[in-house]
Amino acid sequence: MKKTIIALIYKYLDEFNSQREIDDKLEKSEKTILYGQESGLDSIGLANLIIKVEGAVYKTFKVQIDMTNENVFSLNENPFRTVNSLAEYIVSLINEKKDNGNYSSEE
Amino acid sequence: MERKEIVSKLTSVFRTIFNDNTLILSDELTANDVDNWDSLSHMILITEIEKAFSIKFKLKDLNKMRNVGDMIEIIMLKLQPV
Amino acid sequence: MENYIIRSATLNDVDFLVETIIEAEKGGSDILTYTTLFGLSEADAKIYIAKMLEEEVDGCDLSLSGFLIAERNREPAGALSGWIEGQEGVSSVMIKGNLLNYCLPKESILQASRLSKVFSELSNVNFIPGSLWLGPVYVTPKHRGSLVLAMLCHQHIKNAKNIYPEVKEVFCAIFSNNMASILNYKMLKFEVLKEYVATSPEVNKLLPSNKKVIMHKTI
């Protein structure tokens, strides 16, 4: 599941990069930083990433997740920090839905 | 000034500000009831009311005005001889 | 998360709140309505906005008490205004209009009076009593891309529900050129409820955009 999710995130990065100059493109790597000043994503870029990846997760896994629910801001670790941490966070959200009986499709 | 007179004068001010000659005031009338009554038009409304009645409201008076009825009461108080 | 704390604004924050209101008014453009409508320089506008905040009136988007501030390492990162419509028994439109009337110079009021007819189509926002409204928002450039607006929004909703458990809806009104705010609210599951459009070509000299969207979410 995590590999599929990383691929969805990379798909968004492709879209993002298509509108950027060479020096401003984000690397498609699990270590790529997505959050904060060190990231190449601004407010619009990060919001778009979250919206589009949530949409892609729904299309792929038939599960509606809410990455920016209020609970995420109480976490000690920031799940938005890198591609890897975001993918792991999304896996946890999908599994949570699965445990609550809201998962209706195989991956 | 009698209440009737105040209402008449106030109606004239409201009709000019909101460009509506059919506007009828009631004690319960608030911003939600009148088209184009936003913070800018309210700001202008208060200026025109002060001019029309030759009075000056204090901020604490203004913030007691929940509706036109309260507005009329406060104007009456302001017009009472000291 | 990431050591951001969210707290209520105090009188010590007036300077940052003035910056918030000015930048929120511009909404990413160069147009400041305190200048275009009221004829004030930006420097003078700051003085008058501070004066309005310092009146400490509750219940509108110029209420100091309504602002939450996001802070990191004791440095302000962003601020967002919020209020429960009609909480004081008076509509926010009237409270804000009272503040503008009381604090701004008369010549500014007269100028705005002449010019405001140009965008009357944007004036019919229906502020539903008992609902939470989010107002001016600003995140400093250094902290953009850090979900600061999301943290502030969540805290406003939490606070509102603590004090008024019957609050069911949250709204915001945003000029349509302000893509950062619109996208961030969309990310937070707000939907566009209504769009207001001013048709006069003069509007674009006075306001950041001729379109305003109302966004909404059930809470």
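It should be noted that the structure appears before, not after, this text.
Every value quoted in this text rests on a predicted model; they were computed, and no experiment measured them. (Residues numbered from 1 in each chain as written. Chains lettered and ligands numbered in written order. Predicted model: local features only at pLDDT ≥ 70, side-chain atom pairs only at ≥ 80, totals over all residues. Heavy atoms only, no water.)

K.L.:
Would you mind going over the packing of aromatic side chains with me for this structure?
P.N.:
Here the distance between the centres and the angle between the planes together describe a pair of aromatic rings. Taken as a whole and assessed by the stated rule, the structure comprises 11 aromatic pairs over all chains. With a centroid separation of 5.0 Å and an interplanar angle of 15°, the aromatic rings of C:W133 and C:F171 are classed as stacked. Here C:W133, found in strand β4 (residues 132-139), pairs with C:F171, found in strand β5 (residues 169-175); they are 38 residues apart in sequence, far enough to count as distant. A cation over a ring is seen here: B:K9 above B:F53, with NZ or CZ 5.3 Å from the ring centre. The cationic tip of C:R72 hangs over the ring face of C:Y4; the distance from NZ or CZ to the ring centre is 5.1 Å. (Phe/Tyr/Trp six-rings, centres within 6.5 Å; stacked < 30°, edge-to-face > 60°. Helix = DSSP H or I, 4+ residues; strand = E, 2+ residues; numbered from the N terminus. Lys NZ or Arg CZ within 6 Å of the ring centre and 35° of its normal.)

K.L.:
How should I be thinking about the packing of helix α1 (residues 3-17) of chain B against helix α4 (residues 68-79) of chain B in this particular structure?
P.N.:
The geometry of a pair of packed helices is captured by two quantities: the angle between their axes and the separation between those axes. All names here are of chain B. Interhelical geometry of α1 versus α4 gives an angle of 120° and a closest axis separation of 10 Å. Classified by the angle their axes make, α1 and α4 are oblique. Our pair here, α1 against α4, has a crossing hand that is right-handed. Contact residues: α1 offers R3, I6, V7, L10 and F14, while α4 offers V68, G69, M71, I72, E73, I75, M76 and L79. Across the contact of α1 with α4, the residue classes tally to 10 nonpolar, one polar and two charged. (Axes fitted to C-alpha atoms, helices over the stretch in contact; angles between N-to-C directions. Parallel < 35°, antiparallel > 145°, perpendicular 65-115°, else oblique. Left-handed = near helix turned anticlockwise from the far one by under 90°. Contact = heavy atoms within 4.5 Å. Nonpolar A, V, L, I, M, F, W, Y, C, P; charged D, E, K, R; others polar.)

K.L.:
So what exactly am I meant to see when it comes to the interface of chain B and chain C here?
P.N.:
Interface size is commonly expressed as the accessible area that is lost once the parts come together. With 23 residues of chain B at the interface, the matching set in chain C holds 29 residues. When chain B packs against chain C, close to 2,300 Å² is buried across both sides, 63% of that on carbon and sulfur atoms. Area buried by chain B at its contact with chain C is led by B:L40, B:M43 and B:L59, which between them contribute 26% of it. Viewed at the interface, chain C and chain B are joined by one salt bridge. (Buried area = accessible area lost by both parts, 1.4 Å probe. Salt bridge = Lys/Arg side-chain N within 4 Å of Asp/Glu carboxyl O.)

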